[in-house]
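Results of the structural survey
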Amino acid sequence: MCRSIRRRPLQFQKEYATLKKHIYGELMSRLTDLIAKAKANDPQLGADVEREFRALSSRLSFGLNFERHRPEAVELPQRPVRRGDKVRVLPPRGSPAKGDQRLWQVKAIRKAKKTVDLELLDQPKAEMPSVSLDDLVVVAEFRDTIYPGLVSTGKVSRGGDKPWHTVINGENYHALKAATWTHRGKVDAIYIDPPYNTGAKDWKYNNDYVEGEDLYRHSKWLAMMERRLLLAKELLNPADSVLIVSIDEKEYLRLGLLLEQGFPEARIQMVSSVIKPEGTNRMGEFSRTNEYLYFVLFGTARVTPTSDDMTGREQADGEQGVEWRNLRRRENTSIRTARPNQFYAVFIDPEKGSIHSVGEALAPDVDKVSVVIPDGCYAVFPVKPDDTEMLWGLTPDALRKLLKQGFARVRRPESGPSKAVIQYLASGTVKAILSGAVKISGRDPQGAIQGAFDRVAVMPKTTWNKGSHNAQTAGTLLLTALIPNRRFPFPKSLYAVEDALRFFVANKPKAIVCDFFSGSGTTAHAVMRLNKQDGGRRQCISVTNNEVAADEQKALREKGLRPGDTEWERLGICDYITKPRVQAAITGKTPDGQPIKGDYKFTDEFPMSDGFEENAEFFTLTYETPLAVNYQTAFARIAPLLWLRAGSVGRRIEKLPAAGWDVADAYGLLVELDKAADFLKAARKAEALRITYIVTDDDRRFQALARRLPDGVEAIRLYESYLTNFAFANGDDT
Ligand SMILES: C[S@@+](CC[C@H](N)C(=O)[O-])C[C@H]1O[C@@H](n2cnc3c(N)ncnc32)[C@H](O)[C@@H]1O
């Protein structure tokens, strides 16, 4: 929409949009009519016009149209102010006001007075008198070139030589940019649970909560998501990977279109997932029990069948995958008179707890009480609780045959004719058993097959309804057990995330999983559980910012605090929730050092206090400037990026090596090329070496050295001014 229109009153904007859509639609259908007429009169002319029309219309955007809201910007309260920075002037401490949203540029810093001279960005004539350094916050627009770095803020290690999970406190757009250097095409699965855009201040755009009445609420959300999804795509392995996105009814339609447009090469499915069986009631609406999961599959990615069809239908122990069906037909059309030979008695011997025999079919006019019942038995007929006479699903002969093979049985035989349930195995299952695809471990006392079948692989259904996915019990309450008294809104069920990932990484014990809206860290926790189940070495990269909740923000501001203050940052999601949760999960102890109360349930049950034999390191994303830092500091900030690219495993080279080179477990670093001989000797001895970084501006020497590396070791050139290797300019965000 053009600028002049955007400034008009809201009502006018809405009418303009409707009119535009209307005129456009009218025009298209009118042209189609005219082409049809032209074709009737002059087929050649009609065909020519149609071809031109198709070419033109394919250039018009159908589908999802939305305002891109460029550029997106983020405040960086912990970043020191430097000359040339873009900044905002903050409202006075204690003020709940939103403050001046204009962007200023720092012209000069008067260190002695701790003040700064500013100039309005894009209007150099508009100057502001000196402002206190403390009242400024640096702003990064997404079109700006950034130099990301990472600072370690802690670690927990119980996993020996396993790769490290990482948790990054930072703006995910910038973290994803950095990850395009460390993980391009290497990620096996991304699971995200972005803000759902409920209108209830559940996320910020350009540092402002997006509220229900914001006319651009949806396009802001789409613009935010699109930018990040396009970066995420660069991380995913195009040959075989999956993107999983959870969402609810507020944005699922728009998200579906966005995914289709952004990933035309992928296969997309949506699953409906019950997370609150008791439902959320709203007057006059269906009570909502579920949310949705989009699965976007790239390359050869496939859903790995497991023994669970995800519908939550009861499966007795050891019977996973083999579905016993009830013999009585339920549909209203299956009343006794509908078929001549499917109404008969099944005789139950309550003492033996089994089916004694199967009676003959009764003609429609024969009363069921006339049937002669064998001694000690009772008869079960296909009768509804309201006494309607129905049909069995099989003829007597078919049931007798199944019974002989152990493929029919009675449940609750002790409870009499009205409660006993006759069950049988469907023909597909019988075939699978007879062909040996399903193995039988034994038979129950009535001769029905039973016990630990070899787990039958079933394709999961698109409706998930499992008690383990309850967001309250397996999300909120579980999180409370790990980090008592710390609040986090709507964590996912641990087991729901575990199940969703299992379908794609079950056969990838070294999978790299990423969640860049990681909130309380459920995804990392789920990856650790998957590892424990099969001894895997999967790793999870979690990114989340350090926002506080909207109500908390108000209270903190009123206390005179600002983002960037230690007390404020301490309460941010990443520092207060994500990192402590991951730490608690691994150690089995709450932040107070108490053993976590309760047990893990479902697939793998054990006390939560056992923790996991895993490693995790915590980082904060930094924004460097290529000018102001010295070599050693600059290197320290990129050191974690080199280690991450080499697989986040083993020792990290933290400092520029005094010897001019160093070889750690998974990677080596050569800084002084005249030390290449020593470096190569060490590199050849390092068995797990994957990457060598060679610092040189001389391409010829780099190539010559790369050729002398052991087979299979990747050589990566770093420019001598390290940070230029990590300059992420923005190609498209204008
Ligand atoms: C809905 S929550 C995810 C909850 C998570 N699945 C769990 O089980 O705990 C979304 C999270 O993304 C974070 N977030 C939102 N926008 C972000 C951004 N631009 N960069 C980094 N994190 C962001 C929010 O702070 C919030 O914690």
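Here's what I pulled together on the structure shown here. This structure is a prediction, so every number in the text was calculated from the model and none was measured.

A few words on the sheet that holds strand β27 (residues 661-663). In spatial order, the strands read β27-β28-β29-β30; together these four strands make up an open sheet with mixed pairing. Looking at the sheet topology across the chains shown, the edges are occupied by β27 and β30 (714-718). Averaged over all pairs of adjacent strands, the angle between their axes in this sheet comes to 15°, without regard to strand direction. In this structure, β27 lies alongside strand β28 (residues 667-670), joined through three bridges in antiparallel fashion. Considered in β28, the bridge of W661 is made with L670. On top of the sheet, helix α16 (residues 676-685) reaches β27, β28 and β29 (691-695); it is set at about 0° to β27, its chief contact.

Examined against the element boundaries, R645 turns out to sit in helix α15 (residues 631-645). A polar contact is formed between the side chain of R645 and the backbone oxygen of W181, at a distance of 3.2 Å.

Topologically, F726 is positioned in the segment after β30. Judged by its relative accessible area of 0%, F726 is buried. Once the C-alpha coordinates of F726 and W181 are considered, the two residues, 545 residues apart in sequence, prove to be 7.7 Å apart. Apart from the residues within four sequence positions on either side, F726 is in contact with I146, Y147, P148, W181, I638, L641, L642 and L718.

Using the criterion set out here, one finds 53 salt bridges in the structure. Here the residues in one salt-bridge network are D248, E249, K250, R282, E285 and R288, joined through shared partners.

For the rest of this paragraph, the subject is the site of the ligand. Taken together, the neighbourhood of the ligand is formed by 17 residues, with D193, K492, S520, T522 and N545 sitting nearest. One of the side-chain nitrogen or oxygen atoms of D193 is found 2.8 Å away from a nitrogen atom of the ligand. A distance of 2.6 Å separates an oxygen atom of the ligand from a polar side-chain atom of T522. Protein chains shield 90% of the accessible area of the ligand, which is 600 Å² for the free molecule. Among the residues making up the shell around the ligand, the classes are represented as five nonpolar, eight polar and four charged.

So, how was this worked out
- Residues numbered from 1 in each chain as written.
- Predicted model: local features only at pLDDT ≥ 70, side-chain atom pairs only at ≥ 80, totals over all residues.
- Heavy atoms only, no water.
- Pairing = 2+ DSSP bridges.
- Helix = DSSP H or I, 4+ residues; strand = E, 2+ residues; numbered from the N terminus.
- Axes fitted to C-alpha atoms, helices over the stretch in contact; angles between N-to-C directions.
- Contact = heavy atoms within 4.5 Å.
- Polar contact = N/O pair within 3.5 Å; in protein donor to acceptor, adjacent residues only side chain to side chain.
- Buried < 20%, exposed > 50% of the residue type's maximum accessible area, 1.4 Å probe, protein only.
- Salt bridge = Lys/Arg side-chain N within 4 Å of Asp/Glu carboxyl O.
- Near = heavy atom within 4 Å.
- Areas by Shrake-Rupley, 256 points an atom, 1.4 Å probe, with all protein chains shown as cover.
- Nonpolar A, V, L, I, M, F, W, Y, C, P; charged D, E, K, R; others polar.

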